[in-house]
Structure formats: C-alpha cells, structure tokens
Amino acid sequence: MQTKRLSESEGDIKLAGEILRNGGLVAFPTETVYGLGANALDAEAVGAVYKAKGRPSDNPMIVHIADIGDLGSLVRGGRDGIGRTAAQVMEAFWPGPLTLIFPKSSAVPDATTGGLETVAIRMPSNDTAHRLISEAGIPIAAPSANISGKPSPTTSNDVLEDMDGRIDAVIMGENCEVGIESTVLDLSSDRPVILRPGVITSELISEIIGQEVFYDDTLLGTPGQMIDPQDQDALSSFKPKSPGVKYTHYAPKAKVRLIEVRESDFTEKVSQLEQELREQGLKSAILNYNDNAKQAAKNLFADLRELDRQKYDVIFIKTLDKSGLGFSVMNRMLKSAGYDIIR
Ligand code: TXA
Ligand code: MG
C-alpha cells in the first residue's frame, strides 16, 4: 500500500475525511501525540488499525470527537447518562488532553473497546485534529500512530518511520506540543481514578471537582507489575483497569536505563557507567532534562527515536522529580526502561 502524504490544506483534509468514511486509516496530529485514525463505528476499519500497529486486540481505543453533541450517541443513556462530575471536567478541560471513560452505547462496536462495556472518549484541541474529525463527520478511533511497543510518534516523520506502506495516509502536521498521551480518567466508580497520567494532573482535576483524585495502583511502577507479553498465564490473571498498561511500552531498540542519584553525583555515576560500556564496545547516550518536566514530556519520545536512528546501544535518562507532570513523564520513562533504575 502506498501511504499518501497529505498537508493541512482544506482539500487534503477533505480527502482524509473521505478516506476515513470509506473505512481507511489516516494518521493525524493531535496536541499530545500523532493518532492513527479509523471510523470508530466500523469494526472492520478498527480491525485494520490493530493490524497496522501489531496491537493486541484486547487493548481498547480512544474515540475522538470534535463536538460535544457527538457524545450522546456513544454513551449508554445518551447525554443524560453523563454524570455531574464528568460534565464538570469536560467543561474545564475539553477540548484538550483528557480522556474520559463512559459506559458505552450499543453503537460502539466491541472491536473499538476491546470487548469492554465502557468506551474512552476524548475531544482533542489541536486544530488539524478538530478539522479532520468534523470533516469526516464520524467519531474517530485513534491509538497512538506507532508500531505497538515503540515510543509514540510526536512528529510526522516518526509516524512514517513506523507506518509508511501500512496505512492510507498521514497528515504531515506540526510536531506535537505536549508530547505524551492524554490523561485517562475513570469516573465510573465511587472515587475518581487516573488510569494513565498525563499533562492534566490529579491536582488540576481535584481543583475542578473538589474531591481527591487517585492513581490506579498499577501506575506505581514496581517491577512486579510488568508482565511479559509472551507469558499467557500471567497475562490472563493480570487485569488492570486500563488494559494498555500490561504490555511493554515506549521501548526503543536501545536499552534504556534510568539514573536516580543526587544531582552532585550524577556526572560521576554516568561517566563510570559509560566507561564500562565503552570497554565492551557499546555506544551510550545521556538524556538529562534538568528536572524540566514540560520539556521532558515534549521531547522524550522524539529523543528516544532519534537516538535509535543514531544507533546507540544504551540510553541513560536522568529521572525527574515525581510531582505533577513529572509523575506522568516518569511513568513513560519507567516503562521505556522496563522499570530498570540505577540508584
Ligand atoms: O493522547 C492520546 O490519548 C492519544 C492521541 C492519539 O489521542 N491516543 C492514545 O491512544 O494514546 P492509545 O490507544 O495509544 O492509548 C489508549 C489508552 C490505553 O492505555 C487503553 O488501555 C486506555 O486508553 N483505554 C481505552 N479505552 C479504555 C476503557 N474503556 N477503559 C479503560 N482504559 C481504556
Ligand atoms: Mg499508545
């Protein structure tokens, strides 16, 4: 399949909308990461997304909408099925990098939700994403536009690196501003729970809804929670609420190791580790975001991909302070390192 490179022009967005309506796959920019879009109401189109990504089919997709009016048909009970807390967070953070979990209506195929009775919905703020979804006139299922297990793409070239020849088209837009995926918030139980942390932090959500927001306990990042995707027994007995968390994620070809030492010890620790690798003929790189979580979020995935292109064997990353956005970025760093931390 020849993958079309499309621009953000009106004509190209029209064409992309038509491809989506006809069951095709189009990658497009959002404020978080590039998404790989398909008609969320068409089980066959959604199946093609799983295939293009090499993604396990029990990992549900986020359905993207352009207008609040599109929500009713996707949620069980329609607009009235949306609780007060959900309405408050939607009012505060939509359009934007926040995904909410709702009981699904019968219009949403099982293929889209990986067989779950709930559906994840988000309204992106990126202008191109908004125009594309409006133009398509259908809700768009869109996981990150990477081969499953690799870092999410935050530039159009990173999308092509994984998807060229596998999908119908890519909208060649800007680099993503946020750089990590949306916060996934579950309001379906008695306490609000973040299933995937993002730039909309628990603190920000708490302020709006006036209650404490919790993290799903699978986010704490201890090695016992990583499960080998080949280990079928372990996989079937491990049931985190957000099924995406059980698979290896964000891993470049290079081995990633996190370094959590005092600032004053960092340089010495790294030169010692690099020396050991040099003796084995291995090439290593260092990512140090100087505790700037915003910069780290924006650049982490792109940096991992760039260092792979430069054929590094090992990537050392200096850990971040785990408060606010730092917690969200550390969640991605921990996964990309397979929870390997040098202390
Ligand atoms: O920022 C984003 O959310 C990007 C852009 C493209 O919008 N999309 C994205 O999609 O990150 P994906 O498929 O890579 O990640 C979706 C996450 C997974 O962890 C999945 O398990 C979770 O959302 N999820 C989806 N539906 C769910 C549901 N019904 N219940 C719980 N978790 C769900
Ligand atoms: Mg993803």
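Structure: above.
Residues numbered from 1 in each chain as written. Chains lettered and ligands numbered in written order. Predicted model: local features only at pLDDT ≥ 70, side-chain atom pairs only at ≥ 80, totals over all residues. Heavy atoms only, no water.

*Asks:* Can you explain unusual backbone geometry? Please cite residues and give values.
*Replies:* That bond from Trp-94 to Pro-95 is cis: its omega, -5°, falls within 30 degrees of zero. Residue position: Pro-95 is located in the loop between helix 3 (84-93) and strand 5 (98-103). One non-glycine residue with positive phi stands out, namely Tyr-339, at about 65°. Considering the arrangement of structural elements, one finds Tyr-339 in the loop between helix 11 (325-336) and strand 15 (341-342). Using a relative accessible area of 10% as the deciding quantity, one classes Tyr-339 as buried. (Helix = DSSP H or I, 4+ residues; strand = E, 2+ residues; numbered from the N terminus. Buried < 20%, exposed > 50% of the residue type's maximum accessible area, 1.4 Å probe, protein only.)

*Asks:* Can you tell me about helix 9 (residues 263-279), naming the residues and giving the values?
*Replies:* Here helix 9 is 17 residues long and its end C-alpha atoms lie 26 Å apart, about the 24 Å a rise of 1.5 Å per residue gives. Among the residues making up helix 9, those that are buried are Phe-266, Val-270, Leu-273, Glu-274 and Leu-277. Mapping the buried residues of helix 9 onto a view down its axis gives an arc of 100°, with all of them on the same face. Seen from the open side of helix 9, the exposed residues pointing more than 90 degrees away from its buried face are Ser-264, Glu-268 and Glu-279. The elements touched by buried residues of helix 9 are strand 12 (255-259), strand 13 (284-287), strand 14 (314-318) and strand 15. Positive backbone phi, at 75°, marks Gly-281, one or two positions downstream of helix 9. (Expected span 1.5 Å × (residues − 1). Arc of directions from axis to C-beta. Contact = heavy atoms within 4.5 Å.)

*Asks:* Tell me about the pattern of salt bridges, and name the residues and values.
*Replies:* Oppositely charged side chains may form a pair once their charged atoms are brought near each other. Applying the stated criterion to the full structure yields 15 salt bridges. Two residues, Glu-31 and Arg-122, come together in a salt bridge whose shortest N-O distance is 2.8 Å. Remark: Arg-122 occurs in strand 6 (residues 118-122) and Glu-31 occurs in the loop between strand 2 (26-28) and strand 3 (35-39); sequence separation between them is 91 residues. Residues Glu-31 and Arg-122 agree in their burial class; the two are buried. In this structure, a network of salt bridges that share partners links the residues Lys-150, Asp-158, Glu-161, Asp-162, Arg-305, Glu-306 and Arg-309. (Salt bridge = Lys/Arg side-chain N within 4 Å of Asp/Glu carboxyl O.)

*Asks:* Tell me what's going on with the side chain of Arg-55, and back it up with residues and numbers.
*Replies:* Position of Arg-55 among the secondary structure elements: in the loop between helix 2 (43-53) and strand 4 (62-64). Within the buried set, Arg-55 has no salt-bridge partner at all; the shortest N-O distance to an opposite charge, 7.4 Å, is to Asp-58. Here the side chain of Arg-55 touches Asn-59 through a polar contact of 3.2 Å, side chain to side chain. In this structure the side chain of Arg-55 is engaged in a polar contact, spanning 2.9 Å, whose partner is the backbone oxygen of Pro-60. (Lys, Arg positive; Asp, Glu negative; His and termini not counted. Polar contact = N/O pair within 3.5 Å; in protein donor to acceptor, adjacent residues only side chain to side chain.)

*Asks:* A description of the nonpolar core should follow, citing residues and the corresponding values.
*Replies:* Grouped together as the largest cluster of nonpolar side chains are 46 residues, with contacts concentrated most on Leu-36, Leu-71, Trp-94, Leu-98, Phe-102, Ile-121 and Ile-205. Going through the elements one at a time, strand 3, helix 2, helix 3, strand 5, strand 6, helix 6 (156-163) and helix 7 (202-209) are the ones with two or more residues in this core. It is helix 2 that provides the largest number of residues to this core, a total of five residues. Excluding its chain neighbours within four sequence positions, the residues that come into contact with Ile-205 are Val-89, Phe-93, Leu-98, Thr-183, Leu-185, Ile-194, Ile-200 and Val-213. (Core = buried A, V, L, I, M, F, W, Y, C linked by side-chain atoms within 4.5 Å.)

These figures capture arrangement, not role.
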